[in-house]
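Listed below are the residues making up each chain.
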Amino acid sequence: MGEFAVSIGVPALTGPFILSVLVLFIMLRPDPLEIAKMIEVHKQEYGHRNKAGFFNKAHNKRGLTVDETMMVLTQIEMVAIMSMTPIHMKQHSYGLSEVGLVLGFH
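If you're wondering where the values come from, they're calculated on a predicted model, not measured in any experiment.

(A) Spatial organisation of the overall build of the protein chain. Helices and strands together make up the secondary structure of the protein chain, namely five helices and zero strands. The helix and strand sequence of the protein chain, counted from the amino end, reads α-α-α-α-α. The 106 residues of the protein chain split such that 7% are buried. Restricting the contact set of the protein chain to residue pairs at least 6 apart, pairs at least 24 apart contribute 7%.

(B) Representation of a nonpolar patch on the surface within the structure. A surface patch of nonpolar side chains, about 1,000 Å² in accessible area, is lined by Met1, Phe4, Ile8, Val10, Leu19, Val21, Leu22, Val23, Phe25, Ile26 and Met27. Ranked by the residues each element gives to the nonpolar patch, the list is headed by helix 2 (residues 15-27), at seven residues. Relative to the assigned elements, Met1 resides in the segment before helix 1 (2-7).

(C) A look at the pattern of salt bridges. All chains considered together, the criterion is met by two salt bridges. Among the ionic pairs, Glu34 bridges to Lys37, the shortest N-O distance being 3.9 Å. Within this pair, Glu34 and its partner Lys37 are both found in helix 3 (residues 32-46), separated by three residues, close to a single helical turn. The shortest N-O distance in the salt bridge between Glu40 and Lys43 comes to 3.8 Å. Within this pair, Glu40 and its partner Lys43 are both found in helix 3, separated by three residues, close to a single helical turn. For Glu40, a relative accessible area of 37% corresponds to the partly exposed category.

Rules used in this analysis
Residues numbered from 1 in each chain as written. Predicted model: local features only at pLDDT ≥ 70, side-chain atom pairs only at ≥ 80, totals over all residues. Heavy atoms only, no water. Helix = DSSP H or I, 4+ residues; strand = E, 2+ residues; numbered from the N terminus. Buried < 20%, exposed > 50% of the residue type's maximum accessible area, 1.4 Å probe, protein only. Contact = heavy atoms within 4.5 Å. Patch = residues over 30% accessible without salt bridge, like charges linked within 9 Å, V, L, I, M, F, W, Y side chains within 5 Å. Areas by Shrake-Rupley, 256 points an atom, 1.4 Å probe, with all protein chains shown as cover. Salt bridge = Lys/Arg side-chain N within 4 Å of Asp/Glu carboxyl O.

Structural measurements only, silent on function.
Here is the structure:
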């Protein structure tokens, strides 16, 4: 991707970003916004058949709080680990391409 980026006149390190944009445009189908619109139309047409089900906000509040807390904690842990990974890899004589490969796979 670095060679492709250079061939279109941008720096080589922008190659992985170009790849991620292409993957998003190709793989992210159908559009999540369109799916959300269809769900909303369906809910308006048919209403909530199961009042004690998934869409009952009071019923799911405790589970959402636990889920949100766990998501925040795991994101903090991920940022801490992935911030130190390039430093440790550089100290162990890995080059920029290897560091980029590890972070890219992550």
